[in-house]
Amino acid sequence: MLVILSDREVYIDKNRKYLKGNLHTHTTNSDGDYSVKEVLNIYKNNGYDFLGITDHEVFCEEEYNEGITLIHGVEESSLYVRDDDRRGTYAHFNCFIPKMKVKPEVKFYENASDLQKNIDELNKMYSLVQFNHPLFSRLTDNEHLSLNGYDVIEIFNNKDFLQETGIYSADTLIRTLLNNHKKFLISANDDFHGPYYGTKIDRCFGGFNMVCADNNEESILDAIKSGNFYPSTGPLILDLRREEKVFKIETTPVKRIIFYSNLRRCKNIFDLNDEEITQGEYELKGSEYYVWVKIIDNSGKCAWSQPIYLD
Ligand SMILES: [Zn+2]
Ligand SMILES: [Zn+2]
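Before going further, it helps to spend a moment on the overall build of the chain. In terms of helices and strands, the chain carries six helices and 20 strands. Relative to a compact globule of 311 residues, whose C-alpha radius of gyration would be 19 Å, the chain shows 19 Å and is just as compact. Expressed as lengths along the three principal axes of its C-alpha atoms, the size of the chain is roughly 50 × 45 × 40 Å. A separation threshold of at least 6 residues defines the contact pool for the chain, and within that pool the share at least 24 residues apart is 62%.

The following block contains the structure:
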């Protein structure tokens, strides 16, 4: 919850408890290698508080009450069908909180306005829509700029960003969207299917979200819908607040803390002797319409605040 104390705002609160979870997982109900129960156990045994089950075109109907909160969802597909080199690629959306009895099915698109209609359709069916792995959809930046209506966009997806596009995360796209006044929330997820690319190692625990909520499905989804969470691949943001014109952040030990805004220069905080740091500050210049913080640890893992909109 955003706590507004006149000129003070708390975005991440060290006095509140945060839950750890991944909002994107496949099971044997679509193309995953493990059953719903098996993936829930895998995550529970690694300290996760919640797990989103999001099979392709199958809304999760199972229940589970054994030490990890099951978030019921589905991954809805839009298939690109125009006859050019993008043909056969998908735009994928994780959807939660159905407004009606849903019957997910693959939708089609030939251009961004078709895709917008599909997003509008998803919004009629669900209260929370996440644009998954946006680079994987091979949309141009201009097409991304034309789309509206999703609540969350994945800045990090442990499945395909690096393996299938050669790009580690969607930071650059997110900054392009922010610089063009787009408003959305960001998440980091595993898109866990099991082991793949010829390995035997489960490809999980890469991207997760820290959510300020009670440990039940309704509270977690409410907190996500209202932006009361942040994504990470490792380090943690312990506290983030604004006191008048100054943003203050506290983190687990990291190598860099970077404050981005629409201004061309970012503030990049690090120690000259290469020691780890755990706090940073940013003073508003006055013409920022957003501020956004990223932290990077020694192994290159990151966490991001939600974009903070000032207009
Ligand atoms: Zn997908
Ligand atoms: Zn997926």
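When the terminal C-alpha atoms of helix 2 (residues 112–125) are compared, their 20 Å separation across 14 residues agrees well with the 20 Å that a helix rising 1.5 Å per residue should span. Of the residues making up helix 2, those classed as buried are Leu115, Asn118, Ile119 and Leu122. For helix 2, the buried positions fall inside an angular range of 100° around the axis, keeping them on one side. Pointing more than 90 degrees away from the buried face of helix 2 are the exposed residues Ser113, Asp120 and Lys124. The secondary structure elements touched by the buried residues of helix 2 are strand 5 (69–80), strand 6 (90–98), strand 7 (107–109) and strand 8 (126–131).

In this section: unusual backbone geometry. Positioned with a positive phi, Glu57 is a non-glycine residue whose angle comes to about 55°. When you line up the elements, Glu57 lands in the loop between strand 4 (50–53) and strand 5. You can call Glu57 partly exposed: it has 14 C-beta atoms within 10 Å. Not every positive phi belongs to a glycine, and Arg138 is a case in point at roughly 60°. Among the secondary structure elements, Arg138 is positioned in the loop between strand 8 and helix 3 (141–146). When the 14 C-beta atoms within 10 Å are taken as the criterion, Arg138 is described as partly exposed.

Here we come to the nonpolar core. By size, the foremost hydrophobic cluster in this structure holds 73 residues, and its most contacted members are Leu51, Ile71, Cys95, Val129, Ile155, Val211 and Val293. Excluding anything up to four places from it in sequence, Ile155 contacts Ser169, Ala170, Asp171, Ile174, Ile186, Ala188, Pro231 and Trp304.

The next thing to look at is the pairing of strand 5. Most of strand 5 is tucked away: nine of the twelve residues are buried. Across four bridges, the pairing between strand 4 and strand 5 is parallel. From the neighbouring strand, Ile53 faces strand 5, where its bridge partner is His72. With three bridges connecting them, strand 5 and strand 7 associate as parallel partners. Considered in strand 7, the bridge of Tyr80 is made with Tyr109.

Taken together, the buried positions of helix 5 (residues 171–179) are Ile174, Leu177 and Leu178. Viewed along the axis of helix 5, the buried residues span an arc of 100°, placing them on a single side of the element. Among the structural elements, helix 3, strand 9 (152–157), strand 10 (185–189) and strand 18 (290–296) are those in contact with the buried residues of helix 5. With its phi angle positive at about 70°, His181 sits one or two positions after the end of helix 5.

Bringing the environment of Asp191 into the picture now. Take Asp191: it is sitting in the loop between strand 10 and strand 11 (208–211). Along the sequence, Asp191 and Gly207 sit 16 residues apart, while their C-alpha atoms lie 8.8 Å from each other.

Summarising the model, the chain shows a mean pLDDT of 94, and 96% of its residues fall at 70 or more. Within the model, the stretch residues 1–5 combines pLDDT values under 50 with five contacts to residues more than four positions away or in other chains.

This part covers the environment of Thr252. As for its placement among the helices and strands, Thr252 is situated in strand 14 (residues 246–254). We classify Thr252 as partly exposed; it has 15 C-beta atoms within 10 Å. Taking C-alpha positions, Thr252 is 9.4 Å from Ile295, a pair spaced 43 residues apart along the chain. The residues touching Thr252, leaving out its near neighbours within four places in the chain, are Pro235, Leu236, Leu238 and Thr278.

Cut-offs and rules
- Residues numbered from 1 in each chain as written.
- Chains lettered and ligands numbered in written order.
- Predicted model: local features only at pLDDT ≥ 70, side-chain atom pairs only at ≥ 80, totals over all residues.
- Helix = DSSP H or I, 4+ residues; strand = E, 2+ residues; numbered from the N terminus.
- Rg over C-alpha atoms; globule rule 2.2 N^0.38 Å.
- Contact = placed C-beta atoms within 7 Å.
- Expected span 1.5 Å × (residues − 1).
- Buried ≥ 20, exposed ≤ 12 C-beta atoms within 10 Å, placed from the backbone.
- Arc of directions from axis to C-beta.
- Core = buried A, V, L, I, M, F, W, Y, C linked by C-beta atoms within 7 Å.
- Pairing = 2+ DSSP bridges.
- pLDDT = per-residue confidence, 0-100.

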